[in-house]
Amino acid sequence: MAAKAVLLLLALLPFSSLALNQDFCVADLPRGDTPAGYPCKPQTDVTADDFYYRGLGTTGPTINPFNIGLSSAFVTRFPGVNGLGISAARVDFAPGGVVPLHSHPGGTELLFVIEGTVSAGFITSLTNKVLTKTLYKGDLMVFPQGLLHFQYNLGNDTAVALSSYSSANPGLMILDFALFANDLPSDVVSKVTVLDELEVRKLKALFGGTG
């Protein structure tokens, strides 16, 4: 049994050592994503621009109806983070702005408040306990990988936060869009959510769903 375990470990070594022996693996985006991440751009083609990104310097596009601006530095926009287990995003909360319940299937999030006052929390998977904190300028909060979490602006002025992630591509699933921006028939959504079908139809209309 031990011999089999050693053989299995040896079989895996070429793959793990390849990652360890490379300084970096700039994503070759045109070649497409794979379960192991993006293929590496030839190092002869790598430039300093691959490791530089200024997209978080200004407010990102507004996401309606949540009244927030979001800009991200995931691998699809910042190829230099490919394989490095890190990425970032910026959120600008207008007064009343909210980042609704969402999850990142591929990474843990660390939120840092730059300006304003933000309420933030997540829901545990074992007991459905909600853990919330009020965050002020300079505060940090961590959201474990895959758990539903949220943030919203508590103040009357714009709040700004920067998030970092333990993955180059943490993914994003916003619960409202998952439930109401799809083409699942409204009566089915009503059954699986125990929501009134008329309310489901209203929400589908709001979020652009069909069915």
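Identification of the protein chain as Germin-like protein from Urochloa decumbens is taken from an unreviewed UniProt entry. What UniProt records for the protein chain under Subcellular location (unreviewed entry) is the sentence "Secreted, Extracellular space, Apoplast".

**A few points about the sheet that holds strand β3 (residues 87-93)**
Reading across the sheet, the six strands line up as β1-β2-β3-β10-β5-β8 and stay open at both edges, with antiparallel pairing between neighbours. Either end of the sheet is taken by a strand with one partner, and the two such strands are β1 (62-63) and β8 (140-143).

**Points about the environment of T127**
Relative to the helices and strands, T127 resides in the loop between β6 (118-123) and β7 (130-135). Sequence spacing of T127 and F66 is 61 residues, and the spatial spacing of their C-alpha atoms is 28 Å. At 3.0 Å, the side chain of T127 and the side chain of T124 are in polar contact.

**Quick word on the pattern of salt bridges**
Taken as a whole and judged by the stated rule, the model has six salt bridges. Here D92 and R90 are joined by a salt bridge, their closest N and O atoms 2.7 Å apart. One exposure class covers both D92 and R90, and it is buried. The partner of E197 in a salt bridge is R201, and the shortest N-O contact between them spans 2.9 Å.

**Overview of helix α3 (residues 186-193)**
Among all positions in α3, only S186, V189 and S190 are buried. Projected down its long axis, α3 shows its buried positions confined to an angular sector of 105°, all on one face. More than 90 degrees from the buried face of α3, the exposed residues found are K191 and V192. If you follow the buried residues of α3, they end up packed against α2 (175-180) and α4 (197-207). Positive backbone phi, approximately 60°, marks V194, located one or two places after α3.

Definitions and cut-offs
- Residues numbered from 1 in each chain as written.
- Predicted model: local features only at pLDDT ≥ 70, side-chain atom pairs only at ≥ 80, totals over all residues.
- Heavy atoms only, no water.
- UniProt positions renumbered as here; feature names shortened; annotations may be inferred.
- Pairing = 2+ DSSP bridges.
- Helix = DSSP H or I, 4+ residues; strand = E, 2+ residues; numbered from the N terminus.
- Polar contact = N/O pair within 3.5 Å; in protein donor to acceptor, adjacent residues only side chain to side chain.
- Salt bridge = Lys/Arg side-chain N within 4 Å of Asp/Glu carboxyl O.
- Buried < 20%, exposed > 50% of the residue type's maximum accessible area, 1.4 Å probe, protein only.
- Arc of directions from axis to C-beta.
- Contact = heavy atoms within 4.5 Å.

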